[in-house]
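A look at the structure
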Amino acid sequence: MIPYVLLQTIVVPAMASIFIFLTRHKLGRKAGWIASITLLYTTALLVIAGIKVYQGEIIYEEYPFVGPDIKFDLLADGLSLPVALIMNMLCTVLSFYSIHYVEHRIEAIYAEVDERKWRSTYTSFFYLFLGFPIGFAGVSLVTNLIAMYFFLELLPIVLYFIMAYFGYVERVRVAFMCLLWAAAGAVFFLAGTLLTYSQIGTFRISELHALVGNPWTVWIILSFLLALFPKMAIFPFQVWMPWVHAEHPTCIAGLLAVYANIAAYIIVRVLILPLRDDFKVFCIPVMIMALITMIYGSLLTMAQDDVKRFAACSTISQLAYSLLGLAALTTYSVEGGMFFFLSHIMGKTLLFSTAGILVYITGVRDMRQMGGLGSKMPVTALIWIMGSMMLSGLPPFSSFPAEWIMFTGIFIRSVQAPPIALVVAILGVCAIALTVAYTFWGMKRIFFGPLKANLSNHEIKDPPLTMSVPLLLTGVVSIILGLYPKVIMDLFHFVIGGLLPS
Amino acid sequence: MSILFAWLCIAFPLIGAPLSPVLAKIHPKLRDYGEVFLSFLSAVASVMLIPYLFYPSKLPMESAVVWLTVPIELRVGVLIDPLSIVMANVVAVISFIIMVYCLGYMKGDPSLTRFWMWMNLFIGSMLLLVLSNNLLFLFMGWKGVGLCSYGLIGFYYKDENKYWIGGPPPTSYCTPSHAGLKALVVTGVGDVLLLGGILIIFFYSRTLNLLELYETSSVWIPEMAKSPGIILLLSLLILAGPIGKSAQFPLHEWLPEAMAGPGPVSALIHAATMVKSGVYLIARFIPIFYYGYWVAGCSEASSFFILTAWIGAFTAFLAATQGMVSLELKKALAYSTVSQIGYMMLALGVAGLNSSILVEGFTSGIFHLVSHALFKACLFLCAGSVIHTAHSIYLQDMGSLKRYMPYTWIFMLIAALSLIGVPPLPGFWSKDAVLASTLEAHNYPLFLFALITVVLTSFYTIRFIGMVFHGRESENVEKLRQKGVHLGEGYRTMWVSCGILAIMIVLAGILGPRLGHFLREGFQYNLVEKLHLPVEHVKENSMHVSVPLLSVIFVIIGAVPAYLLYISHRLDPKGMLEKYPTLKVFHQFFWDRWYINSLYYRFFVDGIIKLSAFVAKSIEDPMDRFYHKKLVDGIIKLSAFVAKSIENPLDKAYHEKLPSLITKMAYNGLMRMRTETRELLYNVTYILIFFIFSLFIMLWVIK
C-alpha cells in the first residue's frame, strides 16, 4: 500500500499548485498538463484506496493539527471514498478539457497581452484550479467539522478568483455575489459547528451521535440545513446559480455542479447517519421543498435561451432529486440518493462541458441562434445526448439504477407516511418526464433541424480531442456503473446500510 | 442449453449496435450484412425456443445472475414461458425480415451506420423487455425501446422538407426531430407513472422477479388491499405505461407523427413490435390483478380490467374514425395500428371481467397481437415501397399503381384483407376471437364498440388500397412517368421481404384455428395449471357461433361503400361531402383528430411554455431582484442609516459633545474648586466638607 495515500490526494495537488505558481512565467501551456497529470495520479491513488475499501478495509490516517480537538484526520470508508474518487476523476477530466478552453478565454478577455502576461494568466488558472480537488478531497475525507468547514470554504474562494479572472461579461460582480452567498452559508455552517461543540465538546463527526435527543439538536440540524440549502440551490435559495453558471468559464461548470452537490454528501455524513431520529422531523418538509425545487427548476430551465443558463437551471432541478432521496431517510433512498448525486455530477459535467464546447467553437450562447449543429459536430451532439440520457435516468447510464434505487426508498417511506408523502413521491417521479422534455428539447434546438446560416463556416467542427475524449470516457464510466452498480452500492452499503434501517 | 438461446437472442443485436461503426470502418457492405446477420442469429435463437411451446409442463424456465446484493438482492436474467416465447419470436423474426428489407430501402443513405446502430439496439432492447425475468430489466428494455424509437423517428434530424409529415396546408407539418421529441415525451409520461406503479408493487411484495410476484401474490395482494385506494392507484399507474407505449387514448397522439421516420422503422417499431410492448405488459400483469379480484376478493382490482377494456374499445373506435379520413398512407396505417391495439387491449381487459374467460380473453389478445404484427409489418413495408415509387406520402398523389407494382399490390392486398378480417386470413381468426371473448364477457356496449370498429376498419382499409392501387393515375404519377422516373417495384430485398411476410400471413391464416388453439393450450397450462388461477368452466355459448357471421356482415357493411367510393368510383367522395353537410362536419372532426391533438398542444405544450415563462418572469426575476437588488439596496440603506443616524450622532456625542461637556464641566468644577474665588459660599462649603472628612478619618483611626 502506498503510504499517506489520502494525505497525498490533498498535498500533491497543493504542491503542484505551488510549483505552477512559482514557475508561472516559464511554464506556459505545460501548466495544464502538469495539473492534469497530477490529478491523474491522485485519481489512481483513490482507485487503489477504493480497492482496499471494497475489500472491507477502512483507511484512516491521523495527523496532528491545532490541538487535541482539531486534528487533521482523514478517513476513507464506503461513503467518502467513492465520493472523493468520482469528484477527483471529474476534476481530472475538466483539467484536460481546460487546456484548450482556457486559451480561448484568455484570447477573448485579454487579447492584447504580451507573452509574459499571457503565460502568467494561463498558469494562474491551473494553480487556482487545483484548489478544487484539494477542497473536494478535503470535504469528503476529513473527520471533523472544523476541517470540513475549512475545505468547504476554500472552494468559493478559488471559485471567486477563477470566475473573476476567466469568466464572462459580468464576471467580477457575479464572482463577488457568489462569494457572498457562500459566506452567508458559511455563517450558518459555523454556527452549527460551534453549537455542536457547545453541546458535546468535540468537533469529531464520529461523535455527533452524542447529540441524539439533545433539545439543541433540532437547531443544529436547522443551522446546517440553512448552510447547505443555498449551496444546493434549493428553492428559495436558488437565485445565485443561474448567474454564476452564466458567467463562469465553462470549463469549471462541472465542478460548480460538484460544489453544489457536495452538500448532499455533508447532509448524509453529518446529519443523516448520526442524527437520523432527530432528522425525522425535517423529513416531509424537506421532501416538499425538494419537490418544489425539482418542478420549479425544470420550468425555469425550459424558459432559458442561453445555453449556459439552461444547464444552470437544470442543476437546480437535478440537485433536488438527491435531496428528495436523502430526506426520505431509508437505506434505499439514501444510498440511491448518493448514487444519483455521483451520476448527476457526471451527467452535468458532460452537459455543461458541451455547452462550453458550443461557446468555444461557435461563439454563440443563444440557443435560438443555434440549430442543425449535429451534422457539423457529431461528437459534440453525442456527448450532449449522453448527458441528456444521464440526467433523464435512461439506461444504460448509472443514473438509471441510481434513480430506481432512490425512488424505491422514497416510495417505501411515502406509502407508510401520511398521504402527502405519497403525492410527493408520485409527483417526484413525474418530474422525471420534465427532465426528459427539457434535455431533449435542448438537443433539438441546438443540434437538429437545418443548419443556421451563421454556423455554416468551416471552423464549426468538433473540438480538439483533449476536450472530447475525457468527456466520452466519463460517459463510459457512467455506463459501467449503470450496467454493474453492485460495486458502488456495496461500498455505500458498508457505511449507510449499517446505520439506517432498510 | 435451451435457456442459453434466450440470452443469445438478446445478446446478438445488442452486440450489433456498437459493432456497427467498427464494421463500417472495415467496409460498408460488411457493416450492412453483418448487422442483418446478427439480427438473423437473434431470430434463429428465438425460433429455437418454439419447441418448448409443445411441452408447456417444462415451462416456465428461468436463468439469472446476481446484479445487486444491497440494498436489495436482485438476480436479473431471462424468463421463458409461453408468453415470452411468443413475443420473442414475433419480435426477432419480424425484425429480421424488416432488416433484410432495409438493405434495399436504406441503400445509399449516408447515415447507415447510425441507422443500423439504432435498429439493432432497438431489437435488443425489445427482446430484453419481453424476455426479462424481472420488472426492473423489463423497464430497462422499456426505456431502451423508447429511446431507440426517438432516435429512429428523428432519424432525418436535418428536417429537410421531403421528410416532413402532416399537411397539406392549411394543416400544419411536423418535422422528424419534432416528431421524435413528441414520441419521447408523450411515452415518457406513461413511463414515469409505470415506474411509480412498479415501486408500489415492490413496497408490498419486496420482489421484482415476475415468478416470485405471481407466487407470493397471496401474501402481498391482500396486504395491499388493506389500504383503500392503493390497488386502484396501482391500476392507474401500471396502465399509464402501456397506454403511452401502445398509443392508447389519452396518450395516443404521438403515433401518427411517428411516421416521420423511415418506412421500415414504422414497420418495425410502430406496427410490429414496440407498440405491442404495452399489450405484453398488461398480459404480464393479468395474473396478478386476476388473483386480486377473483381470489383475494379485492374489488378494486377489477378496475384494472374495466379500464383496460374500455380504453381499448374506445381507442379502437377513435383511431379508426381518423383512419377513414387520413390523406397520408403511413398515417392511415398508424391510425389503424392504434385501433387494432385497442382490440388487443379490449381482449385482455375482458379476460378479467368474467371468471370463465380468462384464457379466452388472454389468448385472443395475444393471438391478435401475433397476426397483427404480421399483416401490419407487411402493410408498412409495402407502404414504404409505394412511397419510394410515388415519391410522395399522400394518397392523392398515388392511384393506379397496381400496374407498376403488381407484387406489392398482391402482398399489400393480402395483408389488407387480413386487417379487415376476411376469412380465412389470420386477422379474421384473431379478431373473431376478440369479439367472441367480448361477447362472452356479456358486456354488450363493449361488443358494440368492437363491431362498429369492424365496419370502420373495413372502410378505411379498402379506401387506402383503392386510392393507392386502383382508379386513375394521379397527376403526380403522371408527372413522374413523363419525367422518365422508374415506376415499379423497389429493390429485390424489399419486395422479397414483403413476399415472405405475405406468405407467412397466408400460412397463419390456413393454420389460424389450430394456431389459436395451440396458443390457448399453452396459456391455459401456464395460467391455470402453473399459476393456479381459478377459471369457471361454462358450456359453449351458442352466441359464440354467430360471431363470425356478424363479423363478416359488418365487414361487408364497411366494404361496400368504400368499394363504390374508392375502387369502382361509382360514388364521388368529394360530391358526397358536399351533398351531406353532416358528413362534412364529421369528416372535419375526424380530420382534426377530434381536436385532441390541438387541445394537448394548447394545454400542455403552450401551457408549460407559458408556465415556464411565468416562473422565470414572475417568480425568478422578482426573487433575483429581491436578493440581488432589494436586499443589497436595503443593506446599503441600512448601512447609510447606521452611518448617518447612529454613527454620526454617536461620533458627535463621543468626539464633540462629551469632550466639550467634560471640558466645560471640568473647567467649571476647577473654577469652583479654586479657593481664591470671590464666592464665599463655595469657600465655606469646601472648608466644611474638609473638616467633616477629617473628623471621620480621626474617628476611624481612634477606633
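Computed from a prediction, not measured in an experiment: that's the story for all the values here.

1. Describing the pattern of salt bridges
Under the defined criterion, the tally for this structure stands at 26 salt bridges over all chains. Here Lys486(A) and Asp490(A) are joined by a salt bridge, their closest N and O atoms 2.9 Å apart. Note that Lys486(A) and Asp490(A) are positioned in helix 20 (residues 486–499) at a spacing of four residues, about one turn of the helix. The residues Lys486(A) and Asp490(A) share a single accessibility class, namely buried. Salt-bridge contacts for Glu473(B) lead to Arg403(B); the nearest nitrogen and oxygen are separated by 3.3 Å. With Glu473(B) in the loop between helix 19 (444–469) and helix 20 (475–483) and Arg403(B) in the loop between helix 16 (358–390) and helix 17 (406–420), the pair connects residues that are 70 residues apart, well separated along the chain. What makes Glu473(B) buried here is its relative accessible area of 14%. Here the residues in one salt-bridge network are Lys182(B), Glu253(B), Glu257(B), Glu328(B), Lys331(B) and Arg593(B), joined through shared partners.

2. Description of the side chain of Glu61(A)
Residue and element names in this part refer to chain A. Mapped onto the fold, Glu-61 is located in strand 1 (residues 59–61). Despite its burial, Glu-61 remains without a salt bridge, the nearest opposite charge being carried by Lys-52 at 12 Å. For Glu-61, the side chain forms a polar contact with the main-chain nitrogen of Val-5, separated by 3.0 Å. Excluding residues within four positions of it along the chain, Glu-61 makes contact with Tyr-4, Val-5, Leu-6, Leu-7, Phe-72, Asp-73 and Leu-74.

3. So, the domain arrangement of chain B
For chain B, the domain assignment lists domain 1 (2–536 + 550–591) and domain 2 (598–702). On a C-alpha basis, the centroid separation for the pair domain 1 of chain B and domain 2 of chain B is 80 Å.

4. Comments concerning the packing of helix 14 (residues 307–328) of chain A against helix 15 (residues 331–362) of chain A
Residues and elements named next belong to chain A. Where helix 14 meets helix 15, the axes come as close as 8 Å, and the angle between the chain directions of the two elements is 175°. With respect to their mutual orientation, helix 14 and helix 15 come out roughly antiparallel. Taken together, the residues of the contact of helix 14 with helix 15 break down into 15 nonpolar, eight polar and two charged.

5. Structural notes on the nonpolar core
Membership of the largest hydrophobic core comes to 437 residues, with the highest contact counts inside it found for Phe132(A) and Phe464(B). With 19 residues, the top contributor of residues to this core is helix 16 of chain B. Viewed by domain, this core spans two of them, domain 1 (2–536 + 550–591) and domain 2 (598–702) of chain B, each represented by three or more residues. Apart from residues no more than four positions distant in its own chain, Phe464(B) is found in contact with Leu329(B), Ala332(B), Leu333(B), Leu379(B), Leu395(B), Met412(B) and Leu419(B).

6. Focus on the interface of chain B and chain A
The partner chain A presents 60 residues to the 51 residues of chain B that form the contact. Of the roughly 4,800 Å² buried between chain B and chain A, counting both surfaces, carbon and sulfur atoms make up 80%. Scanning the region where chain B abuts chain A turns up zero salt bridges. Across the chain B-chain A interface, the total number found is ten residue pairs in polar contact (both at pLDDT 80 or more).

7. Quick look at the pairing of strand 1 (residues 61–68) of chain B
All names here are of chain B. Judged from the seven bridges that link them, strand 1 and strand 2 (residues 74–80) form a sheet pairing that is antiparallel. Bridging from a neighbouring strand, Val-65 pairs with Val-76 of strand 2. Here strand 1 hands over to strand 2 after five residues, the two strands then running antiparallel side by side.

8. Observations regarding helix 4 (residues 80–109) of chain A
For an α-helix, the turn length of 3.6 residues means that residues three or four places apart are oriented alike. The largest bend along helix 4 of chain A reaches roughly 45° and is located at Ser98(A). The buried fraction of helix 4 of chain A is high, at 25 of 30 residues.

Criteria and thresholds
Residues numbered from 1 in each chain as written. Chains lettered and ligands numbered in written order. Predicted model: local features only at pLDDT ≥ 70, side-chain atom pairs only at ≥ 80, totals over all residues. Heavy atoms only, no water. Salt bridge = Lys/Arg side-chain N within 4 Å of Asp/Glu carboxyl O. Helix = DSSP H or I, 4+ residues; strand = E, 2+ residues; numbered from the N terminus. Buried < 20%, exposed > 50% of the residue type's maximum accessible area, 1.4 Å probe, protein only. Lys, Arg positive; Asp, Glu negative; His and termini not counted. Polar contact = N/O pair within 3.5 Å; in protein donor to acceptor, adjacent residues only side chain to side chain. Contact = heavy atoms within 4.5 Å. Domains from an automatic or database assignment. Axes fitted to C-alpha atoms, helices over the stretch in contact; angles between N-to-C directions. Parallel < 35°, antiparallel > 145°, perpendicular 65-115°, else oblique. Nonpolar A, V, L, I, M, F, W, Y, C, P; charged D, E, K, R; others polar. Core = buried A, V, L, I, M, F, W, Y, C linked by side-chain atoms within 4.5 Å. Buried area = accessible area lost by both parts, 1.4 Å probe. Pairing = 2+ DSSP bridges. Bend = angle between axes of the 7 residues up to and from the residue.

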